[in-house]
Every structure is written in structure tokens, then in C-alpha cells.
Amino acid sequence: MTTSLANSPNVLRSICELPTESALPRAARFLADLVKEPAFLGSQILPLLREARNAEGWYVARRYDAHDGAYSLQVFVWPPGTGTMIHDHSSWGAYACALGTVLEERYDRLDDGTIAEHARLRKAWQLLWSPEDGASTVLPGDGGIHRVGNPGTTPAVSVHIYGPRTEEVDGRDYDPSRDYVCDRTEG
Ligand SMILES: [Fe+2]
């Protein structure tokens, strides 16, 4: 399959209309192909390197949203030593590293969610992702509690696809040092 941003809207829409279990492997394949495409790397990824060197925190450098919220494709820049807090999303997600290496940490939720703003987590695993490693996927909500960052000494860039939201909120942020969870409303 030839992947390009030129035909991405139609491809992404067809992927994101599928049930989650069918959409995830296709989104992963889409991203794994995209991050190996020289035209995409040259036009969308490499130009980000200059600004990444001057940034202090991670940020979303490019974002392509379906007008009706069916999907969102986002390019994240990770300066050395940056990373998200532990969080989940109200949509499924898939992401692939396009440049450098990112570290993904995954967590299991141990409580049943019945106590407000309380969540007990246990770290499940962690993996380093480079462009040749393909894409990782997360389920919505408790099925995809994770943290992504760049523990290395050079900038990293990753490309993410999020499917349709299943809830009003964007997702949740977790602080396992005090068994805390709260809704995140800003996408
Ligand atoms: Fe995430």
C-alpha cells in the first residue's frame, strides 16, 4: 500500500469507521508505512528538527482533524528528556515513531473505578519504539493507560492517530504517587 498524506483523509476515514478491533491493526499498518515514506519524512518530519532543539517540553507540531471528529492525526515532537504524564484517551489510538526513539510505558488499573478521582495503577511493561519497530496501539479508557516520552539525548518525533471519541471528555490523567485520576477536557 502506498501511504501519503495526500490520500490520507479517505484512508483514515475508512479505517476509523471500522469497529475498534478492526481499526487498530489497520491504523497501525497505516502509520508503520507512513513513517517509512521518504516524502512524508522529508516534508513533515525533518523540518521539525530545528525547532525541536530549542523546545523545552513536548508538543503537537502538526494536527489534522476530521471536521466531524471521526479521526485526528497528530505529529508529536519530543525534545530529549521530555514525556507525558500517565494518561488515557476516550478514543482508541495508534502511534509510530518517525524519528529517534520514544519510550512507551503501559499501566494496568487495579481498582474498579467506583471511587471518584481514585485510581490504583500497576506498571505493566515498557518498550522502546524506533521507526523500524512499527506502531503501538491503545484501547480507549482503562485499556490503554500509558505514558510516552523521550529518555534519549536527541529529539524524537512520533505520529499518532486517534479514532472517534467514546465519551464527552478527551481522556484522563493519572498520578499513581497518590492514587489520583481526573478527567482531561482539552484535546
Ligand atoms: Fe496518549
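Residues numbered from 1 in each chain as written. Predicted model: local features only at pLDDT ≥ 70, side-chain atom pairs only at ≥ 80, totals over all residues. Heavy atoms only, no water.

Draft legend 1. The overall build of the chain, seen in detail. Looking only at helices and strands, the chain has four helices and eleven strands in total. What you see for the chain is a C-alpha radius of gyration of 16 Å, in line with the 16 Å of a compact globule of 187 residues. Judged by the C-alpha coordinates and their principal axes, the chain covers about 50 × 40 × 25 Å. Looking at the chain as a whole, 48% of its 187 residues are labelled buried. Counting only contacts in the chain whose residues sit at least 6 apart along the sequence, the fraction spanning at least 24 positions is 73%. Accessible surface for the chain amounts to roughly 9,300 Å². Of this, 50% is attributable to carbon and sulfur atoms. For the chain, the centre of its 18 positive side-chain charges and the centre of its 26 negative side-chain charges are spaced 4 Å apart. (Helix = DSSP H or I, 4+ residues; strand = E, 2+ residues; numbered from the N terminus. Rg over C-alpha atoms; globule rule 2.2 N^0.38 Å. Buried < 20%, exposed > 50% of the residue type's maximum accessible area, 1.4 Å probe, protein only. Contact = heavy atoms within 4.5 Å. Areas by Shrake-Rupley, 256 points an atom, 1.4 Å probe, with all protein chains shown as cover. Lys, Arg positive; Asp, Glu negative; His and termini not counted. Charge placed at Lys NZ, Arg CZ, Asp CG, Glu CD.)

Draft legend 2. Up close: the packing of helix H1 (residues 8-16) against helix H2 (residues 20-34). Contact geometry for H1 and H2: axes closest at 9 Å, N-to-C directions at 155°. Taken together, H1 and H2 sit at an angle that is classed as roughly antiparallel. Residues Ser-8, Val-11, Leu-12 and Ile-15 of H1 touch H2, and the partners they reach there are Ala-23, Arg-26, Ala-27 and Phe-30. Across the contact of H1 with H2, the residue classes break down as six nonpolar, one polar and one charged. (Axes fitted to C-alpha atoms, helices over the stretch in contact; angles between N-to-C directions. Parallel < 35°, antiparallel > 145°, perpendicular 65-115°, else oblique. Nonpolar A, V, L, I, M, F, W, Y, C, P; charged D, E, K, R; others polar.)

Draft legend 3. Structural detail: the sheet that holds strand E9 (residues 156-162). The strand order across the open sheet built from five strands is E1-E2-E9-E4-E7, with neighbouring strands paired in antiparallel fashion. The strands lining the two open edges of the sheet, one partner per strand, are strand E1 (59-65) and strand E7 (135-138). The average undirected angle you get between the axes of adjacent strands in this sheet is 20°. Here strand E2 (residues 72-78) pairs with E9 via seven bridges, running antiparallel. Counted as the bridge partner of Gln-74 is His-160 from E9. (Pairing = 2+ DSSP bridges.)

Draft legend 4. Broad picture of unusual backbone geometry. You will see that Glu-117, though not glycine, has its phi angle at about 60°, which is positive. Here Glu-117 shows up in the loop between strand E5 (102-109) and strand E6 (121-129). One non-glycine residue, Asp-179, lies in the positive phi region at around 50°. Mapped onto the elements of the fold, Asp-179 is located in the loop between strand E10 (171-175) and strand E11 (180-184). Among the residues examined, Asp-179 registers a relative accessible area of 24% and is labelled partly exposed.

Draft legend 5. View of the nonpolar core. Core analysis: the largest hydrophobic core is formed by 31 residues, its most contacted members being Phe-30, Leu-31, Ile-45, Leu-73, Trp-92, Val-159 and Ile-161. No other element matches the seven residues that H2 contributes to this core. Formed by ten residues, the second largest nonpolar core is a distinct cluster that contains Phe-76, Tyr-95, Cys-97 and Val-138. (Core = buried A, V, L, I, M, F, W, Y, C linked by side-chain atoms within 4.5 Å.)

Draft legend 6. Local environment of H1. Taken residue by residue, H1 has Ser-8, Leu-12, Ile-15 and Cys-16 as its buried positions. When H1 is viewed along its axis, its buried side chains cluster within an angular range of 90° and face the same direction. (Arc of directions from axis to C-beta.)

Draft legend 7. Structural context of the pattern of salt bridges. The full count for this structure, using the stated rule, is 13 salt bridges. In this structure, the salt-bridge partner of Arg-63 is Asp-65, at a minimum N-O distance of 2.8 Å. Owing to a relative accessible area of 41%, Arg-63 belongs among the partly exposed residues under this scheme. When the shortest N-O distance is used, the salt bridge between Asp-170 and Arg-165 registers 3.4 Å. In this structure Arg-165 comes out as partly exposed when scored by relative accessible area, which is 42%. (Salt bridge = Lys/Arg side-chain N within 4 Å of Asp/Glu carboxyl O.)

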